[in-house]
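Structural description and commentary
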Amino acid sequence: MSGHVKNMCPQLTISQAARTLLSLLLVAAIDSVSAGVVCRKQPCGSSLQRSLKLTKLIHKESVDLLKTYKLSQGDMSELFCQMSINNVPDPNISGLDPSERMLSIYSHCKAFLPHLKRVTEQQTDLQPPSSSLLSKLSTAHNRTNGLANQINCIYQTLFPNLPIPPEPVDGPTSVPPSQNVFQQKVYGCVVLKRFKEFLSRVTRELRTLKSQVCTRRTTFADTNALF
Amino acid sequence: MISMLCLMLFVPRVFSSSTQVAVIFPQDPALWMGSSLTATCTVSPERGLHANTMYWTLNGKRLPSSTYGLLSTNGLSVTLHRLNGSQQQSGDNLVCHSRDGHVLAGSCLYVGMPPEKPVNLTCWSRNTKDLSCKWTPGGRGETFIKTKYTLKYKLRWYGRERECEDYSTGKRYTCYIPKDLALFTPYEIWVEASNQLGTATSDVITLDILDVVTTDPPDNVHVSRVGELEDQLTVRWGSPPALKDFLFQAKYQIRYRLEDSTEWKLVDDVGNQTSCRLAGLREGTVYFVQVRCNPVGIYGSRKAGIWSDWSHPTAASTPHSEPLQSGSCDPKSGEQNSTLRRELKQFFGWVRKHACGCSGMSIKLYDQWRVWLQKSHKTRNHVGKNNIPFISVPAQHRLHGYAQ
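Rules used in this analysis
- Residues numbered from 1 in each chain as written.
- Chains lettered and ligands numbered in written order.
- Predicted model: local features only at pLDDT ≥ 70, side-chain atom pairs only at ≥ 80, totals over all residues.
- Heavy atoms only, no water.
- Disulfide = S-S within 2.5 Å.
- Helix = DSSP H or I, 4+ residues; strand = E, 2+ residues; numbered from the N terminus.
- Pairing = 2+ DSSP bridges.
- Axes fitted to C-alpha atoms, helices over the stretch in contact; angles between N-to-C directions.
- Polar contact = N/O pair within 3.5 Å; in protein donor to acceptor, adjacent residues only side chain to side chain.
- Contact = heavy atoms within 4.5 Å.
- Buried area = accessible area lost by both parts, 1.4 Å probe.
- Salt bridge = Lys/Arg side-chain N within 4 Å of Asp/Glu carboxyl O.
- Nonpolar A, V, L, I, M, F, W, Y, C, P; charged D, E, K, R; others polar.
- pLDDT = per-residue confidence, 0-100.

Notes on the state of the cysteines
Residue and element names in this part refer to chain B. The final tally for this structure, using the stated rule, is four disulfides over all chains. Disulfide partner of Cys123: Cys133, at an S-S distance of 2.1 Å. Where Cys123 bonds to Cys133 through sulfur, the torsion about that S-S bond is close to 105°, and the disulfide is right-handed. With Cys123 in strand β10 (residues 119-126) and Cys133 in strand β11 (residues 131-136), the pair connects residues that are 10 residues apart, well separated along the chain.

Focus: the sheet that holds strand β6 (residues 68-72) of chain B
All names here are of chain B. Spatially, the four strands line up as an open sheet ordered β1-β3-β7-β6, and their pairing is antiparallel. Each edge of the sheet is formed by a strand with only one pairing partner; in this case those strands are β1 (22-25) and β6. Shown here is a sheet whose adjacent strand axes are inclined to one another by a mean of 20°, direction ignored. Relative to strand β7 (residues 75-80), β6 runs antiparallel, the two being bridged by four bridges. Within the sheet, the bridge partner assigned to Tyr68 lies in β7 and is Val78.

Regarding the side chain of Gln232 of chain B
By the secondary structure assignment, Gln232 of chain B is in strand β20 (residues 229-236). Among the polar contacts listed, one links the side chain of Gln232 of chain B to the side chain of Arg277 of chain B, at a separation of 3.1 Å.

Comments concerning the interface of chain A and chain B
Of the residues lining the interface, 24 residues belong to chain A; the matching set on chain B comes to 28 residues. A buried area of about 2,100 Å², summed over both sides, lies between chain A and chain B, and 57% of it is on carbon and sulfur atoms. Counting every contact that joins chain A to chain B gives zero salt bridges. Run the count over chain A and chain B and you get 12 residue pairs in polar contact (both at pLDDT 80 or more). Broken down by element, the residue count for the side of chain A that touches chain B peaks at five residues, all from helix α6 (residues 181-225) of chain A. When grouped by side-chain class, the residues that make up the side of chain A that touches chain B number 10 nonpolar, 11 polar and three charged.

Digging into the confidence of the model for chain A
All names here are of chain A. Taken over all residues, the pLDDT of chain A has a mean of 80, while the share at 70 or more is 73%. Summarising per-element confidence for chain A, the mean pLDDT is lowest in strand β1 (residues 33-34) (50) and highest in helix α4 (residues 98-126) (95). Here residues 1-12 scores under 50 on pLDDT; set against residues more than four positions off or in separate chains, the count is zero contacts. Contacts for the low-pLDDT stretch residues 217-227, under 50 throughout, to residues beyond four places or in other chains number two contacts.

Regarding the sheet that holds β11 of chain B
Neighbouring strands of a sheet are bound in pairs by backbone hydrogen bonds; such pairs are parallel or else antiparallel. Residue and element names in this part refer to chain B. Strand order in the open sheet formed by four strands is β14-β11-β10-β18, with mixed pairing between adjacent strands. Since the sheet does not close on itself, it has two edges, and those belong to β14 (174-177) and β18 (213-214), each with one partner. Of the pairings in the sheet, the one linking β11 to β14 comprises four bridges and is antiparallel in character. What sits directly across from Ser132, in β14, is Tyr176.

Next up, the structure:
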């Protein structure tokens, strides 16, 4: 019996070490993953510059997207865009300090995604299959998702101690219930108009953030080096 | 709080109270072209809007008040006659406005016709691997509203009915079946059309995949000069590799044109050779040449297939002729470059060689040259050592009034 126990001790030790190692690895993995996105640490300036370029691209495309959308809905659609609808994200970026504003950009990107998806679904029924509107909507959705992931990673790098809230619930409370065709036309116009305005604000915000946050971190690192 | 929640639950499915404050009936109707419609716009009484201050627009255009009907203090109707087909597939926008132009409510009209049976259904297979089909809508009226077309097919003698799934090849009224097609057995294929106003089915076509085969255009098309001959070019090409295992005898066509012309000349009697000589061309001129292939005789069948696309244009130029030796037989330098001029040069060349100079020039000599020319063409049209068919554009002009 004691022999059996003696024989088991090394296995227990190995097992414990393995568990400890596995736990450490898991923690490290979780630490670098947030909201399902794996981020690699990159220089502050170049990351934000990349996001800025992506934002400018999506914004430029959103202008054409809105124009194409209006043309596809028929005359008088300009008025549709001016109507107000509940539950469509507003284009304003909120927050006082850079971390809050960056988080607001991320949250807004995520909030627009289900609406872009809903508009795409609705327009798929309304437009001929060859309509360029459908591909432009799909591109806008994909690029916005990519931008959200980039902002997520930059946020994790700059503010590692500040958690990112869980993703907004994607369900019936975020997009409107089934609508008649006229309501769909109005809804799509409002979504795309606010989306365009949001991206314009994000462009300005990222420029500001780049000068604020990346410069500050450089200064912070130099300060530490003095000690 | 609970009463507020209950109120919210019973609010009709409209926009928030700051937006759509009225309801239009009917909502999103489908209508026949030429029919009439009476729509009503009913405003919520608490809005304080009177119906006689409202107006209607259709696709942005204000409708005349003579078409309106005052139903009540908060209800206004409009009657439209002889409706035209919808301006866009998302529907015509019939909108009810307040006096200052604000949108109170809207309804989208789908005006079209039930589909007629699709026509001109044709299919082709690329290298026996797949099947593409195209058709034309049977009527115009169905094009104003969203009409769904479903291509269906089944093996004629057995097998279940299947639907084509890939309509995204970029062209309308086409569908693509990428794989799992049987050979040596006929398929039945048809198209079903449906929209909100009705359905229709095309005639059924029956085909064997091997009877509708096309292939890729020939590759490696090369065009080159034939020595110094200023009126000829040789064209060579490769047979399409995709069908090399099918033991078929392809046939080819060539077409060529001048660089600055849009008119192609077709050479149809190339047969199954993979090279050909073009003659009767203009000297010192750039020609564009294309070749296409017809996969005749797949698996031993004698039926012709479908012509491939033309190959990418290949260009080459014919040589300039050498300047003529001086003498009384030289053509004047000021003469226009023409078929006649070319023929004259050929004649003078022959005279220098065979008629001991120009001293015995006469129309008889010219006739002798014409006889010699025809005899030498007949000889060259037979199969030569390179098996290159000789194709000539015969001269058109005869000399008139030449020196006696």
